Amino acid sequence: MLTRRNESSPTGEVLTLACLKTGGKARVLDLGGAGINRRLVSLGIGPGTELEVVSVHPFRGPVVVRVDGAQVAIGRGLAEKIKVEEPV
Amino acid sequence: MAIALVGQPNVGKSSVLSRLTGVNTVVSNYPGTSLELERGELTIEGRKYEIIDTPGIYSLALAQNEETIVPELLFDPAVDLVIDVIDAANLARNLVLTLELVDLDKPMIVLLNQIDRVRAGGYWIDHQALSRMLGCPVFPFSALTGEGVMEVLNLLQASSKRGFSRFRPHQDIAGQITCVVGSDCTGKCLRCLSQNRETGCFDKALWARHERARTLAERVLIKQTAAQVLWLTRVEKFIDKPWQGSLVLLGLVLLGFKALLSFTGWMEGLVANTFAPVQEILSRGIGMVVPPGFWNQVLSKGVPEGILLPFALVMPAMLMVSLLMSLLEDTGLLARYAVVMERFGGLFGVSGQAVIPLALGFGCRTPAIVATRILPGTGQRFIVMTLLSIVIPCAATVGMITSVISSFHAYASVIIVTTLVVFVVLGRLMKSRYGEKSELVYELPPLRIPLGCNLWSKVKTRCTGFLTEVLPLLVIMSVGVRIVIDSGVLERLHALEELTRFLFGIPAEAFAAVLVTVVQRYLAPLILLNLTLSPREATIAISMVALSLPCLPVMVMIWREAGVKTLGKIMGMGFLVSFAIGILLNLLLPC
């Protein structure tokens, strides 16, 4: 589905969105799960989307990212499923 | 002539509507809840247009549950014109919906709202180029400054005779998205894919539309000058840091709570003084009309109480809370509470927004029940309504309970701990039964300065509903309660003395006070104060009173908001909790 295959990360390391720190930038490789994907996609988050982490809330709270002009909060559980790569 | 106003959530659609229609002609809807179409009227030079406001929706193809009324409305041939409101500061994502709307092949006007924000960011949108590409009029617009309002109204006026057909967008702009499902596919992904949701085609087309929107946005978005940092953006940066943000939000809750308390306190005296003669006249009038006897007594007391109680106690609180809620929504702060409190809400199976009705409940629970509308899902609303009704003590309850505690030297710490334990246990129990497990994906709107007219129309909508729907119910229930009191049922409870002593360790009169909480919150503590109770008895009785049913207006509000079945469930649970607490405390507390 919404996966970019045959494209390995330039840094050779695949991270999840939850690994990123505040201010970190990344490009989305793959969204986990099927149903929820559509909500992420409707907010403009899909393979190839570049995003920046605005804040990471403590106690396994949500991760807030900036996509284009908007800020989106993503629950930690979901953020752990989203695979990203750090841009070169 | 019918015009549909469509846009994604958080684009400031309701402010656009207020600007276009002037003041008060159309009411704005509660985000995420009352997903109904709001209809209003727009008159330009004597010609009337029906203007239909739709709930914010990210995508027509992804519409779920109640959201499907939006595509249904748009497929209706009765709609002559679609006004697409776009958040200009977030062009690429908003154009996705625009591309779907193009597929409808209906006359359309695009408004680039919040254009002032884009300009402040040092950008300019070439709206003429966008208009050429889409094939329909595109206006830069700002609900804040009023930019673009006259242009739109002029255009509508000029086209009112000739019709809107020349605003039909180019079909090829979105038509390049090809569908990969069977041969009978028309290529219009919005329509054919809504039937084939489970195939990969749907997602592909969805993402293709996103990429198309992104290239469109890149072509019309022009960097002009250096970005100028708005002071609001600075505030946003500060608030969006987890720790300091949480502190600011907490401070704002306390401030709002303080405002609520002082406003209601001030109004209560004012209204009570003004209305005292009215109550007297009503009571006498009814006393003269109805023949003396049982019904005379019941009606002459019950009706005025039912009418005046809401004006003196509930109405001021409703006004203040409506204003606070509208402010939270329109500034974009509400979404920030949802994010900061997500973990906390997760403990009870509710989302972070739940903290708002719960916090308001400490002030007055009646408007807090209305505030549960901000929660997604009926399960979550039920959990929060139940916690509000049974556990959360409102300001009046706290005041009265503390006075009873001090006069009997009851164990305050036991009562506080009991309340906390009940809150956690009840919340956890309800979570496993009614909680909804959903992953948080939530857009944080930028902070905004709310429009005065928008706030006013929201407050008005919320309070009008209260007067027309809640007031009659209150009068009926107030009369019912009078019947119970005057029929002398409560005095007969003496026969239960042995039972109440055995179960709860309290005398029957104290148990009557527990039952009376249903009737009137002032009555239960009054009954208790007239008894002679030991500290142990008082502790048990107060805990049972505090953790049972809410006051009458709250119950009426639940009835109105969630139906009589839900009210029955909550009342049943209230008694269950109250009795369980009584029995447990009787067993645990040393004699």
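Reading the values: the criteria
Residues numbered from 1 in each chain as written. Chains lettered and ligands numbered in written order. Predicted model: local features only at pLDDT ≥ 70, side-chain atom pairs only at ≥ 80, totals over all residues. Heavy atoms only, no water. pLDDT = per-residue confidence, 0-100. Helix = DSSP H or I, 4+ residues; strand = E, 2+ residues; numbered from the N terminus. Contact = heavy atoms within 4.5 Å. Pairing = 2+ DSSP bridges. Axes fitted to C-alpha atoms, helices over the stretch in contact; angles between N-to-C directions. Salt bridge = Lys/Arg side-chain N within 4 Å of Asp/Glu carboxyl O. Buried < 20%, exposed > 50% of the residue type's maximum accessible area, 1.4 Å probe, protein only. Right-handed = clockwise from strand over helix to strand, strands pointing away. Buried area = accessible area lost by both parts, 1.4 Å probe. Polar contact = N/O pair within 3.5 Å; in protein donor to acceptor, adjacent residues only side chain to side chain.

To continue, consider the confidence of the model for chain B. Residues and elements named next belong to chain B. Summary statistics for chain B give a mean pLDDT of 80 and a share of 88% for residues scoring 70 or more. Mean pLDDT across the elements of chain B bottoms out in helix 8 (residues 189-192) (47) and peaks in strand 7 (residues 138-140) (95). Across residues 23-35, where pLDDT falls below 50, the model places 41 contacts with residues more than four positions away in sequence or in other chains. In the model, residues 191-196 has pLDDT below 50 throughout and makes 13 contacts with residues more than four positions away in sequence or in other chains.

If you trace the seven strands from one edge of the open sheet to the other, you get 1(A)-6(A)-2(A)-3(A)-4(A)-5(A)-9(B), paired in antiparallel fashion. Edge strands, defined here as strands with exactly one partner in the open sheet, are strand 1 (15-16) of chain A together with strand 9 (441-444) of chain B. Sheet topology places strand 1 of chain A next to strand 6 (residues 83-85) of chain A; two bridges connect them, and they run antiparallel. Bridging across to strand 6 of chain A, leucine 15 of chain A finds its partner in valine 84 of chain A. Lying on the sheet, helix 13 (residues 333-340) of chain B is in contact with strand 4 (63-67) and strand 5 (70-74) of chain A together with strand 9 of chain B; it crosses strand 9 of chain B at an angle near 140°.

Attention now moves to the pattern of salt bridges. Residues and elements named next belong to chain B. According to the stated counting rule, one finds 18 salt bridges over all chains in the structure shown. With a closest N to O distance of 2.8 Å, glutamate 561 and arginine 381 form a salt bridge. Of this pair, glutamate 561 sits in helix 25 (residues 552-562) while arginine 381 sits in helix 17 (residues 378-390), and the two are 180 residues apart along the sequence. For the pair formed by glutamate 561 and arginine 381, the shared burial category is buried.

Our next topic: the pairing of strand 5 (residues 108-113) of chain B. Note on strand geometry: in a regular strand, side chains alternate between the two faces of the sheet. All names here are of chain B. In terms of burial, strand 5 is largely enclosed, as six of its six residues are buried. Along strand 5, one buried face is formed by Met108, Val110 and Leu112 and the opposite face, lined by Ile109, Leu111 and Asn113, is buried too. Where strand 4 (residues 81-87) lies against strand 5, six bridges are found, and the strand directions are parallel. Each residue of the ladder has a partner; that of isoleucine 83, found in strand 5, is isoleucine 109. Between the parallel pair strand 4 and strand 5, the chain is carried across by helix 3 (residues 91-102), and the sense of this crossover is right-handed. Taken together, the three bridges between strand 5 and strand 7 define a ladder with parallel strand orientation. Following the sheet pairing, valine 110 is matched in strand 7 by valine 138.

A few words now on the interface of chain A and chain B. It is common to report an interface's size as the accessible area lost on association of the parts. Taken together, the 38 residues of chain A in the interface contact 29 residues of chain B. Roughly 2900 Å² of surface becomes buried between chain A and chain B when both sides are summed, with 60% attributable to carbon and sulfur atoms. When the area that chain A buries against chain B is broken down by residue, the three leading residues are Arg38, Leu43 and Gln71 of chain A, summing to 23%. At the boundary of chain A with chain B, the tally comes to zero salt bridges. The interface formed by chain A and chain B contains six residue pairs in polar contact (both at pLDDT 80 or more). Sorting the residues of the side of chain A that touches chain B by element identifies helix 1 (35-42), strand 3 (50-56), strand 4, strand 5 and helix 2 (76-79) of chain A as the ones contributing at least two each.

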